[in-house]
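Listed below are the residues making up each chain.
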Amino acid sequence: MNEDETALGVRLPSVRLSPLRAVLRRMAIALAMLLAMFALVAMDLDGYRDNVDGDVSLLDALYYVTVSISTTGYGDITPSPRRPGSSTSWP
């Protein structure tokens, strides 16, 4: 603890995580975000189209979410322009 903190009677909380635990925690948060986004896309599969065959499967949706979150965005799966009210805002 710093001398100034003890002189003022201030105690800041300090939680020490092991490096492995910190990495596992971050991975769990990233996985939870990925699954949440996957759930949103999976609920609106009809609002997306695939450039190969037109249909978007759950595996395609998982790929789409992973590529979108990683900001790569290849554009091979895009929101369908023929369905109004899609869950995304770009054409």
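Let me sum up the structure you'll find in this document.

So, the packing of helix α2 (residues 19-43) against helix α3 (residues 58-69)
Then, number 1: At their nearest, the axes of α2 and α3 sit 9 Å apart, and the two run at 130° to each other. It follows that α2 is oblique to α3 by the angle criterion. In the packing of α2 onto α3, the handedness of the crossing is right-handed. Counted together, Met33, Leu34, Met37, Phe38, Val41 and Ala42 of α2 and Leu58, Ala61, Leu62, Tyr64, Val65, Thr66 and Ile69 of α3 form the full contact between these two elements.
Then, number 2: Its residues assigned to classes, the contact of α2 with α3 comprises twelve nonpolar, one polar and no charged.

Things to note about the environment of Ser70
Then, number 1: Position of Ser70 among the secondary structure elements: in the loop between α3 and β2 (77-79).
Then, number 2: By relative accessible area, which is 40% here, Ser70 ends up partly exposed.
Then, number 3: Within the structure, Ser70 has its side chain in polar contact with the backbone oxygen of Val67 (distance 3.1 Å).

Analysis parameters
Residues numbered from 1 in each chain as written. Predicted model: local features only at pLDDT ≥ 70, side-chain atom pairs only at ≥ 80, totals over all residues. Heavy atoms only, no water. Axes fitted to C-alpha atoms, helices over the stretch in contact; angles between N-to-C directions. Helix = DSSP H or I, 4+ residues; strand = E, 2+ residues; numbered from the N terminus. Parallel < 35°, antiparallel > 145°, perpendicular 65-115°, else oblique. Left-handed = near helix turned anticlockwise from the far one by under 90°. Contact = heavy atoms within 4.5 Å. Nonpolar A, V, L, I, M, F, W, Y, C, P; charged D, E, K, R; others polar. Buried < 20%, exposed > 50% of the residue type's maximum accessible area, 1.4 Å probe, protein only. Polar contact = N/O pair within 3.5 Å; in protein donor to acceptor, adjacent residues only side chain to side chain.

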